[in-house]
Amino acid sequence: MNLLFISLGCDKNLVDTEKMLGILGGEGYRFVDDESEADVIVVNTCCFIGDAKEESVNTILEMAELKKSGRLKALIVTGCLAERYKNEITEEIPEVDAVLGTTSYEEIAGAIREALKGEKTLVFKDIDAPVGKETKRLVTTGGHYAFLKIAEGCDKRCTYCIIPYLRGKYRSVPMEQLEKEARELADQGVKELILVAQETTLYGKDLYGEKKLPELLRRLSSISGIQWIRLQYCYPEEITDELIGTIKNEEKVCHYLDIPIQHASDAVLKRMGRRTSNQEIRELVAKLRREIPDIALRTTFISGFPGETEEDHEILMEFVDEMEFDRLGVFAYSPEEDTPAYSFKDQVPDEVKEDRRAEIMELQQDIAFERSESMKGRSLEVMIEGKVADENAYVGRTYKDSPGVDGLIFVNTGLSLMSGDFVRVRVTGALEYDLIGEVEDEFTE
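Residues numbered from 1 in each chain as written. Predicted model: local features only at pLDDT ≥ 70, side-chain atom pairs only at ≥ 80, totals over all residues. Heavy atoms only, no water.

A.B. asks: What's the story with the sheet that holds strand β17 (residues 409-412) in this structure? I'm lost.
C.D. replies: Spatial ordering of the closed barrel is given by β15-β16-β17-β19-β18, a layout of five strands whose pairing is mixed. In this sheet, adjacent strand axes meet at a mean angle of 50 degrees when their direction is disregarded. In this sheet, β17 lies alongside strand β16 (residues 393-397) in antiparallel orientation, the contact comprising four bridges. Bridge pairing links V395 to F410 in β17. (Pairing = 2+ DSSP bridges. Helix = DSSP H or I, 4+ residues; strand = E, 2+ residues; numbered from the N terminus. Axes fitted to C-alpha atoms, helices over the stretch in contact; angles between N-to-C directions.)

Right, here's the structure in full:
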């Protein structure tokens, strides 16, 4: 039986996909990447913002056409869109055979069996159910890096965010299980662990009564084979001196921090339900750069939040200009039903949102180019990702680059390298967001 899996949305969703693949691999399914060869298709969906919702719906409709033709035997929908719109999916897309909520992925094999018998299935469990059940996992990221989801859900309830309604309250995965999973990944050849959650910085608070991310980092650092540990989604108000010290002193922990800030105007931050101010964020950034001078900082912002004035936008522009983040993304505000911000007054027109987003990105582009230029001459450890076709060159990432969202470095060398190899590279040039370099042993002035 041939099965095609389509995973949409974030890397946290990808971890759920990999666990479902692990379950189904044990059931004897053959995985294919061509929908025309598939007997069963599973679409793991996202609906965090409007664009993601649209992509998920369009993908389901496209796969439903295959069901109508008779080639496809079963169509399954899982993930966030499934959790949020289960009734609409079953009523409006009759070709869908099963719908599974965000805490129900472990039931995927049974749902497919029922679908192949012609039975319609809905599987939805408590979205606050404990997490951490051991599940075999099939890594899809190439084998040399993997995402490690350390918690599920979120308690912050920012006024624009639908996630707590779909993923439940914050629940940490027990530390012993994360260690076990990380060791298994290392045994499979994974060299970089990327820690993800809706918020990584609160890890352990619910289980142990205090934040345990620094201890988790220390434990993961002791695992043989793991060479890099990268942190994503660290809320600024939860970044402690202990965490900063751990990043600074643990050799395997990358000097890289993803800090979703969302805005710089105190008025907008308050309406968003955020827990930091412009000044507090400035002080945190200054402390991080003082304690870890080579730290790479990534952040995200939202343009056009309800009530955002031109003055608020200018405050954000000034903040971006002065902070000079290494990596930065901007989303135009997406009004999501059932969130408080959906009914806020003074909604900003779409055209204004997009104009403001473009203006921030244009400013950041100049900053990013300057920061890339400043890397020339530096010697950096690089993880090789693959070979450039028909050239004596490879593509890789530095500690400053998370896969899929940040830059790359193109490495010129006559050496024969493999994906996952680490080499020392001297930076010789810059291409906008990306770098060019040569393996240091071969480098000559």
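So much for the structure itself; the text now carries on.
A.B. asks: Got a minute to help me understand the pairing of strand β18 (residues 422-431) in this structure?
C.D. replies: Regular strands have side chains that alternate between both faces of the sheet. Here strand β15 (residues 379-387) runs beside β18; their pairing, made up of five bridges, is antiparallel. Note that in β18 the partner of M383 across the bridge is F422. Note: β18 against strand β19 (residues 434-439), six bridges, orientation antiparallel. Counterpart to V427 in the pairing with β19 is G437. Joining the antiparallel neighbours β18 and β19 is a turn of two residues, in which E432 adopts a positive phi near 50 degrees.

A.B. asks: What is the right way to read the packing of aromatic side chains from this model?
C.D. replies: The geometry of an aromatic ring pair comes down to the distance between the two centres and the angle between the two planes. According to the stated counting rule, one finds nine aromatic pairs in the structure shown. Aromatic pair F305 and Y333: ring centres 5.2 Å apart, planes at 75 degrees, arrangement edge-to-face. Of this pair, F305 sits in the loop between β13 (296-303) and α13 (310-323) while Y333 sits in the loop between β14 (327-332) and α14 (350-373), and the two are 28 residues apart along the sequence. Cluster of aromatic residues (ring-pair linked, three or more members): Y160, F305, Y333 and F344. For the cation-ring pair, K12 lies above Y233, with the distance from its terminal atom to the ring centre recorded as 3.9 Å. (Phe/Tyr/Trp six-rings, centres within 6.5 Å; stacked < 30°, edge-to-face > 60°. Lys NZ or Arg CZ within 6 Å of the ring centre and 35° of its normal.)

A.B. asks: Would you mind showing me how to read the pattern of salt bridges here?
C.D. replies: Pairing between side chains of opposite charge can happen when the charged atoms of each approach one another. If you walk through the whole model with that rule in mind, you get 45 salt bridges. A salt bridge links E237 to K156, with the shortest nitrogen-to-oxygen separation between them at 3.0 Å. Remark: K156 occurs in the loop between β8 (151-152) and α6 (163-167) and E237 occurs in the loop between β11 (228-231) and α10 (241-249); sequence separation between them is 81 residues. The salt bridge involving E310 is made with R356; its shortest N-O contact spans 3.4 Å. (Salt bridge = Lys/Arg side-chain N within 4 Å of Asp/Glu carboxyl O.)

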